[in-house]
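Structural overview
What follows is each chain in one-letter form.
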Amino acid sequence: MTYVVIENCIKCKYTDCVEVCPVDCFYEGANMLVIHPDECIDCGVCVPECPADAIVSDTEPAATQEWLKLNSTYADIWPNIIASKAPLPDADSENGREGKLTEFSPEPAEEIETNANRDEDSPPP
Ligand code: SF4
Ligand code: F3S
C-alpha cells in the first residue's frame, strides 16, 4: 500500500506535505509532486496537510491505475524534496480547477541556485 498524489496538485504544489513525511518520500516535478510507492510507509499524516486535498490512499477510488503509475514512474526520475517551499504563483486560483492532467509537466523541478553553487560558478575576482 501507498499514498498517491493526484491531479489537484498540478500547478499548485503547496509542498506542505513534504514537511511532515517521516521518510522523505516526495519527489518534485516542475508543477507537481509524487510519492515513491516503495518508500511510503502508509502513515497518512500528509493527507490533512495538503490545502488542495491532492493526496489519497491507494485504497480509494481516486487513486486510479493512471495516478499510481504516474507516481511510481516519476518518483524514480525526479529529485527528492525534503523541505517545503513557496507554492506555485497561481496555486490558489488553480486549486480545484478541473482538467489539469493535460497540463502535467514531465520535467523535473528546476534546481534552485544556492549561494554555494553561485559562488562556484562565479569567475575568480
Ligand atoms: Fe510520507 Fe506518510 Fe504521506 Fe506516505 S503517507 S507520503 S510516508 S507522510
Ligand atoms: Fe501537492 Fe498538496 Fe503536497 S498540492 S505539493 S500534494 S501539499
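This text gives an overview of the structure that appears in the document. (Residues numbered from 1 in each chain as written. Chains lettered and ligands numbered in written order. Predicted model: local features only at pLDDT ≥ 70, side-chain atom pairs only at ≥ 80, totals over all residues.)

**Topic: the overall build of the protein chain**
Stated precisely, the cut-off is as follows: Helix and strand definitions follow DSSP, with helices as H or I runs of at least four residues and strands as E runs of at least two, each counted in order from the N terminus. Remark: C-beta atoms are placed from the backbone, and a residue is labelled buried if 20 or more other C-beta atoms sit within 10 Å of its own, exposed if 12 or fewer do, or partly exposed between those counts. Throughout, a residue-residue contact means that the two C-beta atoms, derived from backbone geometry, are no farther apart than 7 Å.
When helices and strands are tallied, the protein chain shows four helices and four strands. Secondary structure elements of the protein chain, listed N to C terminal, follow the sequence β-α-β-β-β-α-α-α. Every one of the 125 residues in the protein chain was classed for burial, and the buried ones make up 31%. Excluding contacts between residues fewer than 6 apart, the proportion of contacts in the protein chain whose partners are at least 24 apart in sequence is 82%.

**A few points about the site of ligand 1**
Put simply, the rule is: Contact assignment follows one rule, namely that a residue is near a molecule or strand if its backbone-placed C-beta atom lies within 6 Å of it. When residues are sorted by character, Ala, Val, Leu, Ile, Met, Phe, Trp, Tyr, Cys and Pro go into the nonpolar class, Asp, Glu, Lys and Arg into the charged class, and all the rest, Gly among them, into the polar class.
Around ligand 1 sit 13 residues, and of these Tyr3, Cys21, Cys40, Cys43 and Cys46 come closest. For the shell around ligand 1, the residue count by class is eleven nonpolar, one polar and one charged.

**Focus: the nonpolar core**
The nonpolar side chains of a soluble globular protein tend to be buried, and buried together. The criterion, for reference: Among buried residues, those of type Ala, Val, Leu, Ile, Met, Phe, Trp, Tyr and Cys that are joined through C-beta atoms within 7 Å form a set called a nonpolar core.
Among the nonpolar cores identified, the biggest contains 29 residues, and Val5, Cys9, Phe26, Leu33, Val34 and Ile35 are the most heavily contacted of them. In contact with Val34, not counting residues within four places along its chain, are Val5, Tyr27, Gly29, Leu70, Asn71, Tyr74, Ala75 and Trp78.

**So, the site of ligand 2**
Taken together, 14 residues lie near ligand 2, and Cys9, Tyr14, Cys17, Cys50 and Ala52 sit nearest. Of the residues in the shell around ligand 2, the class split is ten nonpolar, one polar and three charged.

**Here's the deal with the environment of Asp58**
Mapping Asp58 onto the fold places it in the loop between strand S4 (55-57) and helix H2 (65-75). The contacts of Asp58, once residues within four sequence positions are left out, are Met1, Thr2, Val4, Ala63 and Leu68.

**A look at unusual backbone geometry**
The residue Lys13 is not glycine, and still its phi comes out positive at about 50°. A count of 26 C-beta atoms within 10 Å places Lys13 in the buried class. Even without glycine at this site, Thr15 takes up a positive phi of about 70°. Mapped onto the fold, Thr15 is located in the loop between strand S1 (3-5) and helix H1 (16-20).

**Describing the environment of Thr102**
Considering the arrangement of structural elements, one finds Thr102 in the loop between helix H3 (91-94) and helix H4 (115-121). C-alpha of Thr102 to C-alpha of Ile10: the two residues are 92 residues apart in sequence and 9.7 Å apart in space.

Without other data, these values stay purely geometric and don't point to any function.
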